[in-house]
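# Fold and contact review
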Amino acid sequence: MPGRILIVDDEAAMRRMLGRQLRSLGHHTTVADSGEAALDIIDNEPLDVVLADIRMPGMTGDVLCREVLGRAPDLPVILMTGFGTVDAAVDAIRAGAWDFLRKPFEVEELEVAVERALRHQRLRSELGRLRERACATTPFAGLLGASPPMQRLFSLVERVGRTTTTVLLHGESGTGKERVARALHQLSPRSQGPWVPVNCAAISEHLMEAELFGHTRGAFTGAERDRPGLFRAADKGTLFLDEVAELSPAAQARLLRVLEERAVRPLGEHRAVPVDVRLVAATHADLAAEVAAGRFREDLFYRLKVVTLVVPPLRERGEDVLLLGDHFVQEQAAAQGRALTWGDDFEDALMAWHWPGNVRELRNTIEAAATLSADGRLAPEMVPGGAAAGAPAAHRPPEQRFPTLDQVERRHVQRVLGAVDGNRSQAARILGIDRKTLRARLRRWEEAGS
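Residues numbered from 1 in each chain as written. Predicted model: local features only at pLDDT ≥ 70, side-chain atom pairs only at ≥ 80, totals over all residues. Heavy atoms only, no water.

Every buried residue of helix α7 (residues 177-187) is accounted for by Lys 177, Val 180, Ala 181, Ala 183, Leu 184, His 185 and Leu 187. Along its buried surface, α7 packs onto α6 (148-161), β6 (167-170), β7 (195-199), β8 (238-242), β11 (278-283) and β12 (307-310). (Buried < 20%, exposed > 50% of the residue type's maximum accessible area, 1.4 Å probe, protein only. Helix = DSSP H or I, 4+ residues; strand = E, 2+ residues; numbered from the N terminus. Contact = heavy atoms within 4.5 Å.)

Printed below as a string of structure tokens:
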């Protein structure tokens, strides 16, 4: 794909030579003989890549790079120098350069560097479109997703959120069930009331009933004062019970009674206290299977699943991985006070991994990659399943630098499915395969990621 490239060099012969080489590769070129002239062009012309010499009179290339970052943060800059050293390369990257070329370089090196920068630019544009689509179709803050599964979930959350109906959220760990529950609260008539989240797995069994339903002073050993309990704390608001399958049989029985009577009786108290609470419960367990195994009350199960919403795993969300990854990179850049970038190798690694820990795993991966990056470039070996840890990109063998055909195929299929809103028949036609073959490959990838 041709790009619009600005060549910045104080030597006219170098500008002419680079212009010829880039035009022979199909690109459109503009030239500037100084950093100051380059900034004027950058302010007034659409560009995809800046190719600049470091050593120039007046404004040097690294200073120009910093200026470009301030004016057009997504415009990649490739710096060149005839005095190339490792230190110069590190300084260039720290200045925010996308890449570094040491003169003299072969036209193939120039082609690879420019193509990588153009791919980065296309990725930024694609992420921009994804962000616009996500913002335009997400009715609440705190959740990101442009994929068809997430758009369907957003539509359901918007409808259900405006009611006071009890909701059961099902999804794997790390998919963002609490964020969905909070969105339900924010959209509801109770949004001005209290939001009380509870992780049932984090409270010991013998304390759970006292925490949920309250207790009077002296109700049990250690009860030194009255406590109203979390149900009463959530009165006129929303109580979110995460990992509800972890409740003990006794707590399940008392929870069922509270839901039926709309009143709570604290431990040690003979009177029931009315409560007006919307309940949202969440679990990664198969509650129907827990009921069949006798570990969860059937009557409580049906009380909780008035409406069931499924939060999809990250591996089914296609390029939401890149959208979320970019969001977490921006978070880390703000937290660390420096620019962070990723290349196509990091993008490939993000798309190739199946993310068993879902969004939580992705966030932690980005934080680790940002923390361990010396120059602000995120390394693919920090992604699970990526290149061998610690191997510098330039010295890694080819089998560690490139995705497998299966990974490339999987990513391409995900992109096509995203483009057709998950329509498998249409995707199969575009891919040139039948629907049965597509279904078999999706099943194989799903099983590999489980």
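Once the structure has been displayed, the description carries forward.
Glancing now at the packing of aromatic side chains. In the structure shown here, the tally under the stated rule is 4 aromatic pairs. Between Trp 195 and Phe 240, the aromatic rings sit 5.8 Å apart at their centres with planes inclined by 15°, giving stacked as the arrangement. Within this pair, whereas Trp 195 is found in strand β7, its partner Phe 240 is found in strand β8, the two being separated by 45 residues in sequence. Judged by relative accessible area, Phe 240 falls into the buried class, the value being 0%. (Phe/Tyr/Trp six-rings, centres within 6.5 Å; stacked < 30°, edge-to-face > 60°.)

Attention now goes to the nonpolar core. With 32 residues, the main nonpolar core has Phe 231, Leu 239, Leu 241, Leu 247, Leu 255 and Leu 304 as its most contacted residues. Secondary-structure elements contributing two or more residues to this core are β7, α8 (205-213), β8, α10 (249-261), β11, α11 (287-292) and α12 (298-304). At 5 residues, the largest contribution of residues to this core is made by α10. Here Leu 239 is in contact with Val 196, Val 198, Leu 230, Phe 231, Ala 234, Val 277, Arg 278, Leu 279 and Val 280, once residues within four sequence places are set aside. Judged by nonpolar contacts, the second largest core, of 22 residues, contains Leu 340, Leu 350, Leu 362 and Val 383. (Core = buried A, V, L, I, M, F, W, Y, C linked by side-chain atoms within 4.5 Å.)

Glancing now at the pattern of salt bridges. Here the structure, examined in full by the defined rule, presents 13 salt bridges. For Asp 43, the salt bridge is made with Arg 71, and the minimal N-O distance between the two is 2.4 Å. Taken together, the residues span a long stretch of sequence, with Asp 43 in helix α2 (residues 35-44) and Arg 71 in helix α3 (residues 61-71) at a distance of 28 residues. Residue class for Asp 43 comes out partly exposed when judged on its relative accessible area of 47%. Its relative accessible area of 40% is what places Arg 71 among the partly exposed residues. The network of salt bridges with shared partners includes Asp 43, Glu 67 and Arg 71. (Salt bridge = Lys/Arg side-chain N within 4 Å of Asp/Glu carboxyl O.)

With that settled, the discussion passes to unusual backbone geometry. Not every positive phi belongs to a glycine, and Trp 355 is a case in point at roughly 50°. The topology assignment puts Trp 355 in the loop between α14 (344-352) and α15 (358-372). Positive phi, close to 60°, is recorded for Asn 358, a residue that is not glycine.

On to a positive patch on the surface. A surface patch of positive charge is lined by Arg 424, Arg 435, Lys 436, Arg 439 and Arg 443. Among the elements that line the positive patch, the one with the most residues is helix α19 (residues 435-449), at 4 residues. Tracing the backbone through its elements, the reader meets Arg 435 in helix α19. (Patch = residues over 30% accessible without salt bridge, like charges linked within 9 Å, V, L, I, M, F, W, Y side chains within 5 Å. Areas by Shrake-Rupley, 256 points an atom, 1.4 Å probe, with all protein chains shown as cover. Lys, Arg positive; Asp, Glu negative; His and termini not counted. Charge placed at Lys NZ, Arg CZ, Asp CG, Glu CD.)

Sheet architecture is open: 5 strands sit in the order β7-β8-β11-β6-β12, paired in parallel fashion. Every interior strand has two partners, whereas the edge strands, β7 and β12, have only one. Shown here is a sheet whose adjacent strand axes are inclined to one another by a mean of 20°, direction ignored. Note that β7 and β8 share 5 bridges and pair parallel. Following the sheet pairing, Val 198 is matched in β8 by Leu 241. (Pairing = 2+ DSSP bridges. Axes fitted to C-alpha atoms, helices over the stretch in contact; angles between N-to-C directions.)

The relative placement of two packed helices comes down to the angle between their axes together with the axis-to-axis distance. Taken N-terminus to C-terminus, the directions of helix α13 (residues 320-336) and α15 make an angle of 45°; their axes are 9 Å apart at the nearest point. As judged from the angle between their axes, α13 and α15 are oblique. Of the two possible hands of crossing, α13 and α15 adopt the one that is right-handed. Contacts from Val 321, Leu 324, Gly 325, Phe 328, Val 329, Glu 331, Gln 332 and Gln 336 in α13 reach Val 359, Leu 362, Arg 363, Ile 366, Glu 367, Ala 370 and Thr 371 in α15. Residues of the contact of α13 with α15, tallied by class, amount to 8 nonpolar, 4 polar and 3 charged. (Parallel < 35°, antiparallel > 145°, perpendicular 65-115°, else oblique. Left-handed = near helix turned anticlockwise from the far one by under 90°. Nonpolar A, V, L, I, M, F, W, Y, C, P; charged D, E, K, R; others polar.)

Next up on the list: α10. Taking 1.5 Å as the rise per residue, α10 with 13 residues should run 18 Å; its terminal C-alpha atoms sit 19 Å apart, in good agreement. Those residues of α10 not exposed but buried are Ala 251, Gln 252, Leu 255, Leu 256, Val 258 and Leu 259. Buried residues along α10 cover an arc of 160° about the axis, so they all sit on one side. Once α10 finishes, Arg 262 follows within two positions and takes phi at roughly 55°, a positive value. (Expected span 1.5 Å × (residues − 1). Arc of directions from axis to C-beta.)

So, about the sheet that holds strand β5 (residues 99-102). Across the sheet, which stays open at both edges, the 5 strands sit in the order β2-β1-β3-β4-β5 with parallel pairing between neighbours. Two strands close off the open sheet at either side, each with one partner strand: β2 (28-32) and β5. On average, each strand axis in the sheet is tilted by 20° relative to the strand beside it, whichever way the strands run. Of the strand pairs in this sheet, strand β1 (residues 4-8) and β2 are connected by 5 bridges, and their pairing is parallel. Note on β2: the bridge partner recorded for Ile 7 is Val 31.

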